[in-house]
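Below, each chain spelled out in residue letters.
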Amino acid sequence: MAQISKIGVIGAGHMGSGIAQKMAQEGFDVVMVDMTDEYVGRGISTIKSILQSGMKRKIFSQDQVDTFLSRVKGTTDYNEVADADIIIEAVFEDKEVKTKLFQKLDGICAEKTIFATNTSSFYVHEFADKVNRPDRFIGLHYFFHPAKNRLLEIIPHAGTSKETIIAAETFAKLHGKTAITVKDAPGFAINRFFIPCSNEACRMLEEGMGNVATIDEGSKQAFGIGMGWFDLLNVTGIPLAVHASESLGGELGLFYGTPDILQAQMKKNADWDLKDGPVEVEKIDAIKDRFYGICLGVAAALVDEGVATIEDVNIGAKLGLRWTKGPFELMNDIGIDKTCEVVEAITKKYPGFAMPKVLVEQKTLGIPFKFKTVDLDIKDDIAWITINRPDAMNALNEDVVEQLTENFSIAQNHSDVKAIVFQGAGKAFVAGADIQFFVDNVKAGTIQNIEAFTRKGHELLLKVENSTKKTIALLDGLSLGGGSELSLACQYILATPNGSMGFPETGIGIIPGLGGMIRAQRMIGTQLAKYYVFTGAPITAGNALDLGLFHSVVAPNDIESSVHQIIEDNTHDKYQSKNIPDDFKEIAAAFAAQNIQAILSGDDLNGISQALNDKIKKILNRKSKIALKMANDVMEAQIPLTIADAVEYELGQLETLFRTADALEGLSCAVEHKKPEFKGNN
Ligand SMILES: NC(=O)c1ccc[n+]([C@@H]2O[C@H](COP(=O)([O-])OP(=O)(O)OC[C@H]3O[C@@H](n4cnc5c(N)ncnc54)[C@H](O)[C@@H]3O)[C@@H](O)[C@H]2O)c1
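Below, the structure is looked at part by part. Position labels on residues start from 1 in each chain and follow its written sequence. Since the coordinates come from a predicted model, pLDDT governs what is reported: local features require at least 70, and pairs of side-chain atoms require 80 or more to be given and counted, while whole-chain, interface and lining totals use all residues. Side-chain measures here rest on the full set of heavy atoms in the structure, leaving out hydrogens and waters.

**Some remarks on the overall build of the protein chain**
We count a stretch as a helix when DSSP gives it H or I for four or more residues in a row; a strand needs E for two or more, and each element gets its number in order from the N terminus. Counting its regular elements, the protein chain contains 30 helices and 18 strands. A principal-axis box enclosing the C-alpha atoms of the protein chain has dimensions of 80 × 60 × 55 Å. Relative accessible area decides the class of each residue, using a 1.4 Å probe on protein chains only: under 20% of the type maximum gives buried, over 50% gives exposed, and in between gives partly exposed. Taken across its 682 residues, the protein chain has 56% of its residues classed as buried. Contacts were defined at the residue level, with two residues in contact if any of their heavy atoms lie within 4.5 Å. Within the protein chain, counting contacts between residues at least 6 apart in sequence, those at least 24 apart form 71% of the total.

Next comes the structure, spelled out in structure tokens:
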């Protein structure tokens, strides 16, 4: 696969400077080109001021900011990107300017260089067709602000090679983006429904359905957004909205075109008056219905056209627009009948807009949309199972476990498959389980639901561990709680340097419940397993490799070849006994049997330095005492048991665990992002 390490960004404006900043933050060297020294300087200053404000808010240190800035080179010389692996174009949204630029770069750049356009409104193929490397041409559509917004739309055109698509998808991951791959169609996926919503806000105002304040309130309620639609238009700029709707309307017809009132507002060169009157509560429902009709109708139409999947539309809305729910989740909330009713009203109002088939079919089925949260891709002898809930850091829930089980079974029974690789979409592997599910069931007194969910998880993990195929967890990001436990159940853990694991449970009043204690204990010994389970200390890729928890740590480009090496491997046994590395001997001593009582009662530990003693005591002081005691008791009880019996034992403790006041306090606070106050009561 094409390796991406040197990056060129053309254009040092709002987007170009933000894209370059993001690359630098993620460890890439980047050359940013603009037409004059003044524009280059302005781009660099923008990056500096954003990073410095991050420093003031303690997001970055001075050292980090200096390192990031040292990675960005600004220039007016296009030859500086001649050997780049990828060039991202972010110049004016002008067809001629972009075309000329790409033709110029085509003459300068190496054969290998991939060209990417960040255009918002033109087709990707329009530019690809004008250069001699259409196979190495792709759309990468970033969202403002590109250093902060996680979403990236990847837009291959018909002639983009498979290799370029894979390189773009890998590259997206490498610079911290969650990508959705969508069709080369007007507005791609997100702007296709976002722009009509803006238009409709304006048309509602034009028709007198409500004042600005009321429509803003309606939009907030409809989409769970903090900022009303007119407020957003003021912030992003009315000319941008006019331009976006003009180009979408130009391609797709008047339904998508610019409302007169929006044109007029641009001519006035004034922002919308957000306080043009009181919020008229009685008008809100009709406004919400109209927003839903447009948004859900267009979202469904783009799925009909194969522009994006229902899952990607949801992910895009949540990550790119920061909605609390995606369009198809909103449809499930209001029901398919109501969805069809509000969309039908839109088809009547705008005769050019037809009822989308996907809605008609779902109404016939009479059930909510079911979303794929796990994808299976079998390529030759490797089955790639991807947990695809990047907006929720791929947290495990009932749906995910069910779909993991189904897909694992398909992969397991597939005769070509020799290895089954589990991975997470976006930046994380799996950041634990859906805590809200635990809170809801604890509050409702239905702990049996938690037990049933956990039992299914255990059953899957046992199958993964005992599979006749090679099972591999691919950790190229964070894994916490249930994610770490899923990884430990795999026969191999393959990681990139960004891969890590951790057990945060005792900090939220519970203990690991999916066999993490059982397996960690057998892999790295009781003392170190207790250290990680009790303290929740992050296990970095380097540490995990030294300890023998990870089988190997490789560069992202070497993942596939490493999987093939694992397929050929017949020597690895994850439970083979290991010596404690020198660096970990003192930590292991801290958690030796003679210190456990002191750990549980908060006393000083013996046989270790004062500094380590103080550090451990400070960390443990923030944990639930009940959870620590339970973790210790369960781990001790599990030592002599077989793994299957140890699993049963662990399941048997769930009821007691989830009935503690600490569990409810810790889990509730985790949901509300508050610091828990543990009482230590049973
Ligand atoms: N602003 C957004 O929210 C947003 C979001 C997604 C995509 N986009 C797209 O990103 C692109 C850039 O948008 P922006 O908002 O950053 O615009 P901008 O006007 O802020 O920046 C454009 C920069 O490109 C430079 N430039 C123009 N022609 C050039 C050339 N031939 N060579 C080198 N530099 C050149 C300009 O000097 C300017 O600094 C557009 O295609 C836009 O549609 C914008």
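Still to come is the rest of the account.
**Some points on the sheet that holds strand S4 (residues 86–89)**
Backbone hydrogen bonds are what pair the strands of a sheet, in a parallel or an antiparallel way. Taken in spatial order, the 8 strands line up as S3-S2-S1-S4-S5-S6-S7-S8 in an open sheet, and their pairing is mixed. A strand with exactly one partner marks an edge of an open sheet, and here the two such strands are strand S3 (72–75) and strand S8 (178–181). Strand-to-strand, the axes of this sheet are offset by a mean angle of 25°, without reference to chain direction. One requirement defines pairing of two strands: DSSP has to find at least two bridges between them. Bridge count between strand S6 (residues 137–142) and strand S7 (residues 151–156): 5 bridges; the pairing is antiparallel. Opposite His141, over in S7, you have Glu153 as the bridge partner. Sitting on the sheet, helix H3 (residues 62–71) touches strand S2 (29–33) and S3, and the angle it makes with S3 is about 40°. Helix axes are fitted to C-alpha atoms over the stretch in contact, other axes to C-alpha atoms as well, and angles between N-to-C directions run from 0 to 180 degrees.

**Thoughts on the site of the ligand**
Met15, Asp34, Tyr78, Glu93 and Lys98 are the nearest of the 23 residues found near the ligand. Nitrogen and oxygen atoms within 3.5 Å of one another constitute a polar contact, given that in protein one can donate a hydrogen and the other can accept it, and given that sequence-neighbouring residues count only through two side-chain atoms. Within the side chain of Asn118, an N or O atom sits 2.9 Å from an oxygen atom of the ligand. Residue assignment for the shell around the ligand shows that the elements contributing at least two residues are helix H1 (14–25), helix H2 (37–56), helix H4 (95–108) and S6. Looking at side-chain class alone, the shell around the ligand contains 12 nonpolar, 7 polar and 4 charged residues. One heavy atom within 4 Å of a molecule or strand makes the whole residue count as near it. Amino acid classes used here: Ala, Val, Leu, Ile, Met, Phe, Trp, Tyr, Cys and Pro are nonpolar; Asp, Glu, Lys and Arg are charged; the rest, including Gly, are polar.

**Points about the sheet that holds strand S14 (residues 478–480)**
One open sheet holds the 4 strands; their spatial order is S12-S14-S16-S17, and the pairing between them is mixed. Here the strands that pair on one side only, and so sit at the sheet edges, are strand S12 (430–431) and strand S17 (539–540). Lying on the sheet, helix H20 (residues 482–489) is in contact with S12, S14 and strand S16 (500–502); it crosses S14 at an angle near 95°.

**What about the nonpolar core?**
What makes a nonpolar core is a set of buried Ala, Val, Leu, Ile, Met, Phe, Trp, Tyr and Cys residues whose side-chain atoms join them at distances within 4.5 Å. By size, the foremost hydrophobic cluster in this structure holds 88 residues, and its most contacted members are Leu105, Phe193, Phe223 and Trp229. Per-element accounting of this core gives the leading share, 12 residues, to helix H12 (residues 284–304). Excluding residues within four positions of it along the chain, Leu105 makes contact with Ile10, Tyr78, Val81, Ile87 and Phe115.

**Observations concerning empty space enclosed by the protein**
Residues are called lining when one of their atoms sits within 4 Å of a cavity or pocket point, these points coming from a 1 Å grid over the protein atoms alone, where a cavity is a set in which a 1.4 Å probe fits but cannot get out and a pocket is an open set with protein on both sides within 12 Å along at least five of seven lines. Grid points are joined across faces, edges and corners, and a volume is the space filled by probe spheres set on the points. Inspection of every chain in the model, using the stated rule, returns 3 cavities of 30 Å³ or more. Counted as a void, the largest cavity has a volume near 70 Å³. Leu396, Val401, Leu404, Phe453, Thr454, Gly457, Leu460, Leu461, Gly482, Leu486 and Leu514 together form the lining of the largest cavity. Contributing elements (two or more residues each) for the lining of the largest cavity: helix H17 (398–413), helix H19 (447–465) and H20. If one sorts the elements of the lining of the largest cavity by residue count, H19 sits on top with 5 residues. Its residues assigned to classes, the lining of the largest cavity comprises 8 nonpolar, 3 polar and no charged.

**Looking at the pattern of salt bridges**
The rule for a salt bridge is simple: a side-chain nitrogen of Lys or Arg has to be within 4 Å of a carboxyl oxygen of Asp or Glu. Using the criterion set out here, one finds 36 salt bridges in the structure. A salt bridge links Glu93 to Lys98; its shortest N-O distance comes to 3.4 Å. The shortest N-O distance in the salt bridge between Glu465 and Lys574 comes to 2.7 Å. Of this pair, Glu465 sits in helix H19 while Lys574 sits in the loop between helix H24 (559–568) and helix H25 (585–590); the two residues are 109 residues apart in sequence, bridging distant segments of the chain. According to the relative accessible area criterion, Lys574 is buried, its value standing at 7%. What emerges from the salt-bridge pattern is a single network uniting Glu200, Arg203, Glu207, Arg290 and Lys349.

**Topic: the environment of His458**
Within the secondary structure, His458 is located in helix H19. Given the relative accessible area of 2%, His458 is considered buried. In sequence terms His458 and Asp83 are 375 residues apart; their C-alpha atoms lie 50 Å from each other. For His458, the contacting residues outside a window of four places in its chain are Gly513, Leu514, Gly515, Val647, Glu650 and Leu651.

**Here we look at the packing of aromatic side chains**
Between 30 and 60 degrees the pair is tilted, below 30 it is stacked and above 60 it is edge-to-face, where a pair is any two Phe, Tyr or Trp rings, Trp via its six-membered ring, whose centres lie within 6.5 Å. For the coordinates displayed, the defined rule picks out 28 aromatic pairs. Ring geometry for Phe223 versus Phe291: centroids 5.6 Å apart, planes at 75°, classification edge-to-face. Of the two residues, Phe223 is situated in helix H8 (residues 212–223) and Phe291 in helix H12; the sequence distance between them amounts to 68 residues. Here Phe223 falls in the buried class, since its relative accessible area comes to 1%. What links up through ring pairs into an aromatic cluster is the set Phe193, Phe194, Phe223, Trp229, Phe291, Tyr292 and Trp323. Over the ring of Phe115 we find Arg133, and its NZ or CZ is 4.4 Å from the ring centre. A cation sits over an aromatic face here: Lys349 above Tyr350, 5.7 Å from the ring centre. Lysine NZ or arginine CZ positioned within 6 Å of the ring centre and within 35 degrees of the ring normal marks a charge as sitting over the ring.

**Let's talk about the pairing of strand S9 (residues 374–379)**
Relative to strand S10 (residues 382–387), S9 runs antiparallel, the two being bridged by 6 bridges. What sits directly across from Ile378, in S10, is Ala383. Hairpin connection, S9 to S10: the antiparallel pair is bridged by 2 residues, and Asp380 has positive phi, about 55°.

**Examining the packing of H12 against helix H15 (residues 336–349)**
The axes of two packed helices give the description: the angle between them and the distance between them. Closest axis-to-axis distance for the H12/H15 pair is 8 Å, and the angle between their directions is 85°. Here H12 lies roughly perpendicular to H15, going by the angle between them. Within the contact between the two elements, H12 uses Asp289, Arg290, Tyr292, Gly293, Ile294, Leu296 and Gly297 and H15 uses Lys338, Thr339, Val342, Val343, Ile346 and Lys349. Looking at the contact of H12 with H15 residue by residue, the class counts come to 6 nonpolar, 3 polar and 4 charged. An angle below 35 degrees is treated as roughly parallel, one above 145 as roughly antiparallel, one from 65 to 115 as roughly perpendicular, and anything else as oblique.

**Some remarks on the packing of helix H18 (residues 435–444) against helix H30 (residues 661–672)**
Interaxial distance between H18 and H30 falls to 9 Å at its minimum, and their mutual angle equals 135°. Judged on the interaxial angle alone, H30 and H18 are oblique. As H18 runs across H30, the sense of the crossing is left-handed. Contacts from Ile435, Gln436, Phe438, Val439, Val442 and Lys443 in H18 reach Leu664, Leu667, Ser668, Ala670 and Val671 in H30. In the contact of H18 with H30, the residues fall into 8 nonpolar, 2 polar and 1 charged. Take the far helix as the reference: if the near one is turned anticlockwise from it by less than a right angle, the crossing is left-handed, and if turned clockwise, right-handed.

**Considerations on H17**
Any helix carries an expected span of 1.5 Å times its number of residues minus one. Here H17 contains 16 residues, and its C-alpha end-to-end distance of 23 Å stays within 8% of the 22 Å for a straight helix at 1.5 Å per residue. Those residues of H17 that fall on the buried side of the exposure criterion are Val400, Val401, Gln403, Leu404, Asn407, Phe408 and Ala411. Seen end-on, H17 carries its buried residues on one side only, within an arc spanning 165°. Lining the buried residues of H17 we find S9, S10, strand S11 (419–424), H19 and strand S13 (470–475). Taken from the helix axis, the directions to the C-beta atoms give the arc we talk about.

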